[in-house]
Each structure stands twice: as structure tokens, then as C-alpha cells.
Amino acid sequence: MSRLPAGGLIDRASPLPFTFDGVRLEGCAGDTLASALLANGVRLVGRSFKYHRPRGILTAGSDEPNALVELRGGARREPNTRATTVELFAGLTAASQNRFPSLRYDLAAINGLLSPVFSAGFYYKTFMWPAKAWERLYEPIIRRAAGLGRASFAPDPDIYEHAHLHCDVLVIGGGPAGIAATLAAARSGARVVLCEEDAWLGGRLLSDQETIDGKPAAAWLADAQEAMPGFPELRVLRRTTVTTAYDHGSYLALERIADHKPQPAPGEPRQRVWHIATRAAVLAAGALERPMVFPGNDRPGVMLASAVRSYINRFAVRPGRRMVLLTASDDGWRTAADAARAGIAIAAVVDARDQPASRIVDAPVFAGGQVAGTEGGSSLQCVFITDATGQRHRIDADLLAVAGGWNPTLHLACHLGARPAWNAGLAAFVPDVTPPGMLVAGAAAGRLGLADALADGARLGAEAARAAGFEPRDLPGPYVEPETVRQSLVVDIPHGGKAFVDFQNDVTAGDVALAAREGYRSVEHLKRYTTLGMATDQGKTANVNGLAIMAALTGASIGETGTTVYRPPFVPVAIGALAGPHRGRDFRPFRLTPAHRWAESVGAVFSEVGPWLRAQHYPQAGETSWLQSACREALAVRHAVGVCDVSTLGKIEVFGPDAGVLLDRLYTNTMSTLAVGRARYGLMLREDGLVMDDGTVVRLAPEHFVLTTTTANAAGVLRHMEFCRQVLWPELDAEVLDVSDQWAQFAIAGPLSRDVVQALAAPGQDFSNAAFPHLAAAPLRLTGGQDGRLFRVSFSGELAYELAVPATDAEPVLRRVLDTGAVPYGTEALAMLRVEKGHVAGGELNGQTTARDLGLERMLSRRKDFIGRVLAQRPALLAPDRPSLVGVRPVDRKMRLASGGHFLAIGAPADAAHDLGWVSSAVFSPTLGHSIGLGFLAGGLSRAGQSVRAYDPVRGADVEVEIVHPCFVDPQGARLRV
């Protein structure tokens, strides 16, 4: 009913049916949801957050605070989507939000009557009494009222991509300045990327009646786009918003690939996040028109003047029948002229300035006037105007176009912490200090005229190309008639009704005044106390007006009042897009050892160990439980020989003349004295003196070390080592290399393990105890021709070796080990063996224990410094009653222990005040025939022989245990040295 008979960029031959709140409507290809709603006469589209006031469409772009709708349904339901940026497609289903039972009749609109209760900071002042009512009454009501749209609880069926893009020049914005910058940079041969958030290039040229070189701007725009494919190094990304600026020329952009479709094609991503690295950037993001603050400025039918022009000229929609224009800028008068040409009656023009622009429309003009209020329910009905003499006038109108001036879109220029500067002549904030490599062109820099935008874009595009190392060509720019761009920021503290500053969060001018009275005058305090600028538009339409009101109330200038910090992203970004493909198992994919496929083939049962899938046990026929399998495997190690895949251990090589020095500083014990061909157990502390990790260090050559870390801490240890090498001691001549994935490693353990190693080795290699003692290390040549490394280290307490071979040789070498009679054993048997021997692992190295707690204080060197040495001496870490490592076994040997239980004195109450420590590891010992465990007990081994309770309220267990030495099997270590 409101579609113009001709004009616009829509395709009238392609009608698109859609529904809004269950009502079937029809738009055209080229429409947005907002323009299609307006074309169908729909003015009421939403309700405000706090007061549930009726709201209509305010803008025509990504700064829209009112028209937030819910799109689609089911798993693809998408809440809080701006109708002004949604491209219409056939079958689109949209629904209004934040209303019950319907948009027109919303029961929560009663909140407007309670507005004195819901003033600024009400959440600090109310719901305080009675205290018991909080959980039973207040919190449930608040939680029910919170939020706007409804998220789908079903898994998102769409896919999202992350991609990387490198260029010489990045142009942000495809308006006239951006196009001019793109062409100037592309002519130099530079790699240029142009990002435009709209589906169409052109910016305001799509919405305004402009002339370039004596022809309609559309002709210049068509010529520019026709020239772009001729530049092979130019890439244009439409529907792509640059959301974030980072250090070192890095930017994040969101490309909406399939948002304009009912659903993506099979295999097609819905959105793609681009990580863009560039040598230079031109910010040509244009400017955003600001509304004005007056009573009743939020009614459906109150719209930004530039948005009115967009709907008329681009979408061929008449937003109203009878219009009043309120302006504080010359640009606003263009809206009156375009509206008159579209057949909209101009009821009045209110120019808040004393000296308005020339009167280019036949209508009453109120110079120096203001809008004193509006009337209407679900749509605007009339406007009240106060003229310069104070006389009040009632004007019937269903459209009020507001032109409060333009704010440069400078957000990306401030993402690295810079604040903009107030330009009093322009009455707007402009970029001040920009990120290195960023140039700001056109309206984004405060140069609002079309002629300035084109000249600015061409000049800065060439400058950016030159900064990237290219030589641009100077070509004459297009001719544009000069125009006036005067604008003012009119700030009148309104009276006589609610005048809204932040439309979505219902922040009024009165709320800003209340914040000033209560001392919240800092812009950061103002923002948080009133929620000004905290809605989805992040203050794009609100902040400058709010700052101006605060400045007027406090007697400061707007520049002195300042702005809040500009934070990314520039527009809302879906969490799914940020996650990209990294969700479900793709978020943390399993890492598989080189011998994983073999383990699968023999029926191994796997468990997650950090990011790895490790064989937990290898069941055999007749075994009915994992415990049976694990006990058989552990006993095979104790009495014969077993093999375990320990490839998940972190493996790091350190090279260089200062490799030993670096390791001395990282480990508590000395590594620089380690002889070539020998291994040493090492302990690593964090800076706070607590244990970070343990493992072995092997010296293969004078300047070549290999160290192993625990599976869980491999990445953290590598990161720690790189930080120390690069940041703390960059002068050290040492290199750190992660080789975890390059080597497969197998533990061969048991009394017969030497026979297995000797059978694997090529002739001429001696592995007798004399030739290859405990903690020896050497290269190994296998009979199959493979090269490996052999370390004589033991985690089980038995004679044992660790064999490292290239990952590509893992499976054939493992099969040869098994052919010698070795029994494969998994992590369950491994845990049994290590607890029987008293070796600490993840349960003990939990980030809360010290070397002294673990009984390893002798490893803390007194002759050198190392990370964590000083803070490890803090009195609390040396306290005699601090829990330290002990072994435990049930007094009743039939009872089972579980890790996680807490130690309590016999007869003591089960509360935190009587807590003596905890059980860190517990297993069934097949060697001893009963449960055993390791734990940390106050008093430690001084309590040996005593009994305490291992109380486990989670599992309902309460077991009396005896305190013993943590090494249950072969405490003298004779077996591993034979």
C-alpha cells in the first residue's frame, strides 16, 4: 500500500512472499525486511526493552536500535536481528519480540506506568527488602523479563568458516570514498581488498539524488563497478563487515554468505570470518545520522531523515503520507525535497537553528523551533511544535523525519584504545590518533560532502598503495558541485514527557540528569549507571546525545566530557561465526598416536587423556571387566615383559651452546652437568614455586638435549620454555623445538625387557647392565634397518626402557616388539604400576603442590637459581602441617579406595575445619591384592602407622586407611637396576 509506482533499485518483476507475526505479506527482490514491512504499511515492529513501548523503524542500516526481530524457526531461529539489514527472500518468516500476548497488545506495557521505579540505577536501589523475597519472588520475575529474543536450544545445523586473507591495501566501506580509494590503489598494482557490509556498492549514492560529472551518480557507480574486474589483484567482498581492528595491521571481518537465503546450500557456510592482514588500510565507513532528543521521539513514524531518503530513493517506499521535518543540518532539507517529489505532503519544517538553509520546499518553516511532543499509539498521529517565540502548534502527520547531524563512523579507528577528538565546527567527534597504517577518508574523517569524499578517497587510496610499496597513478577526479554541509548539535533538556536517548534500553534524558545529580558524571559511570549505549547498537544512535546532555548539565564542553571506550565488534557477531568450524569434536579433535590403528585392530578400549585417545586396556576372551584386563597386563610387566604406547608424552629438543644454561634455569636440578648419553629426572616449577611438570632430560650431544613432559602439560611446558627463551633470556643461544608428533615412543618394561631390546637391536650393540646401565641413553639401530633412540628409564619400577622411533615406523616396530612375547598394556595397568611404585602423576601434579609436598625437596638445587626458587621458600609452603605425600591402604583390605576422598581423624566431624588432606590417586594393586592409594596428609609420613578416615561424600564412602610409605613395591629400587 506504500510502494511507489516507479523508481528504486528493487526488482518489481520478482515478488517475494514473507510473513511477519503470522501475517502473509509480499515484497520485492532488493528489499530489506524493513523496507518490505514499510511497503506493506507496517509501522509497529517491536517493543522496547524496559518499558515495552511501541517502536517502529528508525534507521535504514546497521545502527538500527528498534526493529529487532526473530527470523526463521526451529534450530535456525535467530533472535535480535536488525530488520534494516535483513535481505528479503522468498519464504522469510519473521516475528516481533519482547511482547505478550501480541505486538499490538502487550501486557508488559504496564511497565511504562511504573517508570518512576525503573529509573536509572533502579537495579541498585530496589529488590533489597525483604531479603527472603529475592530468591522466591524478585529473581524469578527478573529472569523471566530479561532479554529480548529467544535463542534456539537445538544444535545449529549450519556451518561457519574461518579464512585468512593477505593484502597490501584494505579498504573498509564501499561508498563513494571507498570506491575512489579502491580504484586509486588498484591502479598501482597493489593487492586490494574492498569490504562492504551491504549487498550493493555505493553507500549513500544508493539513497541520495547525486550528480557526478554532470550525470546521475548511478552512472558513475556503474562505470566504477564495471572497471573493477579489470584489476586482477582486486577482491571485492560484499555483505562483509569489518568488525574489529587489531595490532600490526590485522582486522577481523564477517562475511554473510547465506543469510539472504532460506538456508545455505549443502556444504555452503552460512557465514565466514576473515582474518585479514594488510600493510595499509583506508577506513571509508561513512557517517551515521543521529536522532534528536524531544518528548515522544520514540513513536513509530519517527525516523531518521537519511533513512526516509533511503526508503524513498532506494526501495521505492513512501514511509508516510504527511511529514514533518525536524533538522539541525543542511542535509535534512534534502529529505524534504525528496519526500515532496515522492508525493509526501510536507506539513512543516522545523529547523532548530536560527539560520536555516534556503527554503527549498513549499511548507511552513519554524526557524529556531523545536518539537515539544508527539501523539499516537502504534503509529504517529500528530507533532507538537514550539516556535522561536514559544508559541505551540499542533501539526497532523504520520511521519516525522529527524536530521540531528552526522557522526563519523570512526569506531575501527578507536579499537586499539584511542579516543576521538571533538570538532566544534562540525559538531561531531572525529578520529584523532589512528592505528598505525590506517588512513581515514571522507565522512568517516568528518569530511561530509560528496566532493570531499571522492577526492579524499582517491588521495588516500593512492597514499595507502604508496605506503605498501607501490607507485600509484595520478588521474583527474570526477567533478561534483560544491554543497553546504553545515550542522549543529542542538541540546535542549526536554520537559513534558519522556525524551529518549537510547531507544532500545529506554534511557531517557531524565535518566542522564538523574545520573548527574547522583554523581555518576564520568562517561564510563554514566554508561553503566543508565545502560546508555549498552544495547545491540552499542550507542551508535545514542552516545553523542547522551554526552551532550551530560556536558550541558555539568557545564563542561562535550570534548571535556569525552567518550567511552570503543570496543569491538562494530556490529553484533554470532557466537557460531566466532567459533567457526571449531565445535563439537572439531572444537577439540582427538589426537591419535602413530600406533592407534593397530590398537583399534586388536580391540583396545580407549579413553580420553587430555586431547589424546589412549588405549585404556586390551580385553581378551573370557575377561568380563576392565579390572581383569588391567590386572593381567600389570602382572605381565611385574613377572615378564609388557609394552605400552607412551607417544603422548611431550617431546622437546633443545639445541645450542646455551642449551644447558637454559635448562638449568627451567629445572630445579642441574642439567648442564649431565653427561652425553645419560638421562636425568627433572622437576620444573612455576614462578609461584609450585610444581609445573616433571619428566626426563636426555643429553644426546654436547649441545643437544631431549626432554619429555607429561601428556597433560606438554603444550604448557613448550609455551613456558618459549616465553623464557624469547622474553626472559633472549641473549641465550638456544633453540627449542617441539618434536612430539615426529617420534613414537614405547615403554618396554619387565624383568625380560632387556631380552626384547636385544632382539630388536641390530648386531653389535650391547645392552647389558654394565654397558647400558639405568638412566643410559643412546641411538639405536634396529634389525629392520630403522633408526631410533633408546632410553633406560622406568615408570613402573621394573627394568624398563623407552624406545623412540620415527612416527612412520611406529606400527611395524610395535608389531616386532609384540612378536618377542611382550604383552600390550594400557593406561589402567600403567596407573596400577606407577602407584605401586609411588610415582607422582597428574593427580599429584595438580598445580597446587610443591616439591616438598611431593617428597622431592632434595631436587631443589642450592647452588644455582631457577624459576620458582624464591617463592618456593614462602613460609606457608614450608609449614610443618602442610599436607605432603603419603601412601594409604585400607585397614580392611576388602574395602575399595577412590581418589577424591578427604582425610579425617577417626571420630572427627566431616567438615572443612577437620580436613587433613585428600586422596590423589587410588588403584587396585594386583601385586598386593588390595586397594592402595597416594594422597596428601597434614603431617605426612610422620603419621606412618596411624589410621585415618578416607571420607568421600560424593560416592558415599567412608574407609579407614593406614598411612604408609608411598612406595609399595621394591622401595630399594633393586629391580630397575638389574
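Model, not experiment: these values are computed from the prediction.

Calculation rules
Residues numbered from 1 in each chain as written. Predicted model: local features only at pLDDT ≥ 70, side-chain atom pairs only at ≥ 80, totals over all residues. Heavy atoms only, no water. Helix = DSSP H or I, 4+ residues; strand = E, 2+ residues; numbered from the N terminus. Buried < 20%, exposed > 50% of the residue type's maximum accessible area, 1.4 Å probe, protein only. Contact = heavy atoms within 4.5 Å. Areas by Shrake-Rupley, 256 points an atom, 1.4 Å probe, with all protein chains shown as cover. Lys, Arg positive; Asp, Glu negative; His and termini not counted. Charge placed at Lys NZ, Arg CZ, Asp CG, Glu CD. Polar contact = N/O pair within 3.5 Å; in protein donor to acceptor, adjacent residues only side chain to side chain. Salt bridge = Lys/Arg side-chain N within 4 Å of Asp/Glu carboxyl O. Patch = residues over 30% accessible without salt bridge, like charges linked within 9 Å, V, L, I, M, F, W, Y side chains within 5 Å. Phe/Tyr/Trp six-rings, centres within 6.5 Å; stacked < 30°, edge-to-face > 60°. Lys NZ or Arg CZ within 6 Å of the ring centre and 35° of its normal. Pairing = 2+ DSSP bridges. Axes fitted to C-alpha atoms, helices over the stretch in contact; angles between N-to-C directions. Core = buried A, V, L, I, M, F, W, Y, C linked by side-chain atoms within 4.5 Å. Expected span 1.5 Å × (residues − 1).

Bringing the overall build of the chain into the picture now. In terms of regular secondary structure, the chain is built from 20 helices and 50 strands. When the backbone C-alpha atoms are referred to their principal axes, the chain occupies close to 110 × 75 × 55 Å. When burial is assessed residue by residue, the chain has 56% of its 978 residues classed as buried. Within the chain, residue pairs in contact and separated by at least 24 positions form 66% of the contacts whose partners lie at least 6 positions apart. When the accessible surface of the chain is totalled, it reaches about 40,800 Å², and 55% of it is carbon and sulfur. Side chains of the chain give 99 positive and 100 negative charges; the mean places of these two sets differ by 3 Å.

Okay, the side chain of N505 next. With respect to the helices and strands, N505 occurs in the loop between β29 (500-502) and β30 (507-508). What makes N505 buried here is its relative accessible area of 12%. For N505, the side chain forms a polar contact with the main-chain oxygen of T531, separated by 3.2 Å. Apart from residues no more than four positions distant in its own chain, N505 is found in contact with F49, K50, T531, M534 and A535.

Under the counting rule described, the total for this entry stands at 54 salt bridges. Salt-bridge contacts for D158 lead to R270; the nearest nitrogen and oxygen are separated by 3.7 Å. With D158 in the loop between α3 (133-145) and β8 (160-172) and R270 in the loop between β14 (250-256) and β15 (271-283), this residue pair connects regions lying 112 residues apart in the sequence. The two residues D158 and R270 agree in class, both being buried.

This part is about unusual backbone geometry. Cis rather than trans, the peptide bond between F100 and P101 has omega equal to 0°. Checked against the element boundaries, P101 lands in the loop between β7 (92-95) and α2 (122-125). With an omega of 0°, the peptide bond running from P568 to P569 counts as cis. You can see P569 is positioned in the loop between α12 (558-561) and α13 (575-579). One non-glycine residue with positive phi stands out, namely D213, at about 55°. With respect to the helices and strands, D213 occurs in the loop between β10 (211-212) and β11 (215-216). At L775, a residue that is not glycine, the phi angle is positive and equals roughly 70°. Inspection of the secondary structure assignment puts L775 in the loop between α18 (753-760) and β41 (777-781). Given the relative accessible area of 25%, L775 is considered partly exposed.

This part is about a nonpolar patch on the surface. Taken together, the side chains of F723, V727 and L728 make up a nonpolar region of the molecular surface, amounting to roughly 250 Å² of accessible area. Relative to the elements of secondary structure, F723 occurs in helix α17 (residues 714-728).

Scanning the entire structure with this criterion turns up seven aromatic pairs. Here the aromatic rings of F767 and F772 are separated by 5.4 Å at their centres, their planes lie at 80°, and the arrangement is edge-to-face. Of the two residues, F767 and F772, neither departs from the other in class, the shared state being buried. Summarising the aromatic geometry, the rings of F772 and Y801 are spaced 6.3 Å apart at their centres and angled 25° between planes, so their arrangement reads as stacked. Taken as a pair, F772 in the loop between α18 and β41 and Y801 in strand β43 (residues 800-806) lie far apart in primary sequence, 29 residues in all. Taking relative accessible area as the criterion, Y801 reaches 0% and is therefore assigned buried. Joined through ring pairs, the aromatic side chains of F767, F772 and Y801 make up one cluster. Its guanidinium or amino end placed over the ring of F500, R55 lies 4.9 Å from that ring's centre, counting from NZ or CZ. K540 extends its terminal NZ or CZ atom over the ring of F570, reaching a point 4.5 Å from the ring centre.

Taken together, the five strands give an open sheet; going across it, the order is β17-β24-β18-β19-β20, and neighbouring strands pair in parallel fashion. Among the strands making up the open sheet, the edge pair consists of β17 (302-304) and β20 (365-367). Geometrically, the sheet is characterised by an average inter-axis angle of 20° between neighbouring strands, direction not taken into account. Note that strand β18 (residues 322-327) and strand β19 (residues 345-351) share six bridges and pair parallel.

In terms of nonpolar packing, the biggest core is built from 58 residues, with F18, F20, L33, L37, L92, Y311 and M323 touching the most fellow members. A total of six residues in this core trace back to one element, the largest contributor, which is helix α1 (residues 33-39). Apart from residues lying up to four places away in sequence, F20 is in contact with L25, L37, V42, L44, V45, V69, A94, A95, S96 and L103. Formed by 37 residues, the second largest nonpolar core is a distinct cluster that contains C631, L845, L856 and L885.

The subject of this paragraph is the pairing of strand β13 (residues 240-245). The element β13 is largely enclosed, with a buried count of six among its six residues. The turn joining β13 and β14, which pair antiparallel and follow one another in sequence, is formed by four residues; a positive phi near 60° is taken by H248.

The subject of this paragraph is the sheet that holds strand β21 (residues 370-376). Read across the sheet, three strands follow the order β21-β22-β23 without closing on themselves; strand pairing throughout is antiparallel. Either end of the sheet is taken by a strand with one partner, and the two such strands are β21 and β23 (392-396). When the angles between neighbouring strand axes are averaged without regard to direction, this sheet yields 25°. In this structure, β21 lies alongside strand β22 (residues 380-386), joined through six bridges in antiparallel fashion. Within β22, the residue paired with E375 across the bridge is C382.

Our focus in this paragraph is helix α20 (residues 827-837). Across the eleven residues of α20, nine count as buried, placing the element largely inside the fold. Taken residue by residue, α20 has T827, A829, L830, M832, L833, R834, V835, E836 and K837 as its buried positions. Where the residues of α20 are buried, they touch β32 (605-609), β33 (612-617), α15 (626-639), β34 (642-645), β47 (917-925) and β48 (930-938). At the C-terminal side of α20, G838 shows a positive phi close to 80°.

Next up on the list: α15. For α15, built from 14 residues, the straight-helix expectation of 20 Å at 1.5 Å per residue is met to within 8% by its first-to-last C-alpha distance of 20 Å. For α15, the full list of buried residues reads L627, S629, A630, C631, E633, A634, A636, V637 and R638. Those residues of α15 that are buried are in contact with β33, β34, β40 (743-749), β44 (823-824), α20 and β47.

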